[in-house]
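Residues per chain, in single letters:
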Amino acid sequence: MSDALAVTGPELITMISQPRADYTLVDSGHGRKYERYGDYHFIRPEPQAMWSPRLDDWPADGEFIPASDEDGGGRWQLRDETLREGWIANWNGEVDFQAKCTPFRHLAYFPDMDPVWCWMRQCVADHAQPQLMNLFGYTGVGTLAMAASGAHMVHVDASKKSVAQARENADIAGLSDKPVRWIIEDAGKFAAREVRRGRRYDGIILDPPKFGRGPGGERWQLEENLPDLLADCRQLLDEKSRFLFLTVYAVRMSAIALHALLTEYFSDLPGKIEVGELAVAEETGRLLLPTALFARWSA
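Residues numbered from 1 in each chain as written. Predicted model: local features only at pLDDT ≥ 70, side-chain atom pairs only at ≥ 80, totals over all residues. Heavy atoms only, no water.

Looking at the pairing of strand β3 (residues 32–37)
Right, so step 1: The pairing of strand β2 (residues 24–29) with β3 spans five bridges and is antiparallel. Bridge pairing in β3 links Ser28 to Lys33.
Right, so step 2: Here β2 hands over to β3 after two residues, with His30 in that stretch at a positive phi of 55°.
Right, so step 3: Where β3 and strand β4 (residues 40–45) come together, six bridges link them in antiparallel fashion. Paired with Tyr37 across the two strands is Tyr40, which belongs to β4. (Pairing = 2+ DSSP bridges. Helix = DSSP H or I, 4+ residues; strand = E, 2+ residues; numbered from the N terminus.)

As structure tokens, then:
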């Protein structure tokens, strides 16, 4: 191949969630991970942990036992059944919220997003009241992390139950007086409506599922619907905006593909487009456990 035809790919970045008081990856291996959430220890399946664990024993308050089929089901075995009702957790020493052992094997928030929330705060650090939108906002820990730093937030999720939990988390955190609009809506429909209204934002975070349903039965399929949603997000940002951050979990997709997709819609804006992986560092620094792909535009 001639040098004229050679193509170089984007440089991949790793955003690492480090051990901290509210969350630590203690150990991993043999298809599982051993985590500390505050005062509690849990064991969860982790197919990417193909190596051997460091510790011989994992004393835990709960373990998620996956189902034998491929539908992603399973059940929790808990040492103390009161944990099933949830407990108060904390992020960064400033945002309290309710953690819970969900049927989806996670604990009602995603601690590997810590470096993302810190990065977004840095992007708008010199803006007194940035206008930000959290699409697929789930239980609102990311929304509250930004609201606690002074951002005006629009929190969007199709699940009435998730938005109710997000609002309860705002009460728990003492942040219910912060300027947050809680929207129960299909993310694509809401973004398209904001475009028609001529709205703009300083930053947008997207954490879409692989598949989902809106409150009106709207169908979401990541590979089919993500391009149109990004096109609308582009219309909601301008040359004075600060960032867009996209995370992709549990899907067979390449960071290179995400880079190409964001380049199509955001290359006309000043700034840079970056892609990579989110990862969690083991407590001893032995290794990194990858958790998700990401793509971001920042000014």
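A short note on the sheet that holds strand β10 (residues 152–157)
Right, so step 1: Spatial ordering of the open sheet is given by β1-β16-β17-β15-β12-β9-β10-β11, a layout of eight strands whose pairing is mixed. The two strands at the open ends of the sheet, each matched to only one other strand, are β1 (12–17) and β11 (180–184). Geometrically, the sheet is characterised by an average inter-axis angle of 20° between neighbouring strands, direction not taken into account.
Right, so step 2: Bridge count for β1 against strand β16 (residues 272–281) is six bridges, and the pairing is parallel. In the sheet register, Met15 faces β16, and the bridge partner there is Leu278.
Right, so step 3: Strands β1, β12 (203–206), β15 (243–248), β16 and β17 (288–298) of the sheet are contacted by helix α1 (residues 114–123), whose axis makes an angle of about 110° with β1. (Axes fitted to C-alpha atoms, helices over the stretch in contact; angles between N-to-C directions. Contact = heavy atoms within 4.5 Å.)

Comments concerning the sheet that holds β3
Right, so step 1: With respect to topology, five strands assemble into an open sheet ordered β2-β3-β4-β5-β6, the strand pairing being mixed. With partners counted over all chains shown, the strands left at the sheet margins are β2 and β6 (74–78), one partner each. Across the sheet, the axes of successive neighbouring strands diverge by a mean angle of 20°, strand direction being ignored.
Right, so step 2: In this sheet, strand β5 (residues 62–66) lies alongside β4 in parallel orientation, the contact comprising two bridges.

As for helix α4 (residues 187–196)
Right, so step 1: Along α4, the residues that are buried comprise Ala187, Phe190, Ala191, Ala192 and Glu194.
Right, so step 2: In this structure, the buried side of α4 is in contact with β9 (131–135), β10, β11 and α5 (222–236).
Right, so step 3: N-capping of α4 is provided by Asp186, with a side-chain oxygen placed 3.2 Å from the backbone N of Gly188.
Right, so step 4: Immediately downstream of α4, the backbone of Gly198 shows phi near 75°, a positive value. (Buried < 20%, exposed > 50% of the residue type's maximum accessible area, 1.4 Å probe, protein only. Polar contact = N/O pair within 3.5 Å; in protein donor to acceptor, adjacent residues only side chain to side chain.)

It is worth stressing that arrangement in space is one thing and function is another; only the former is reported here.
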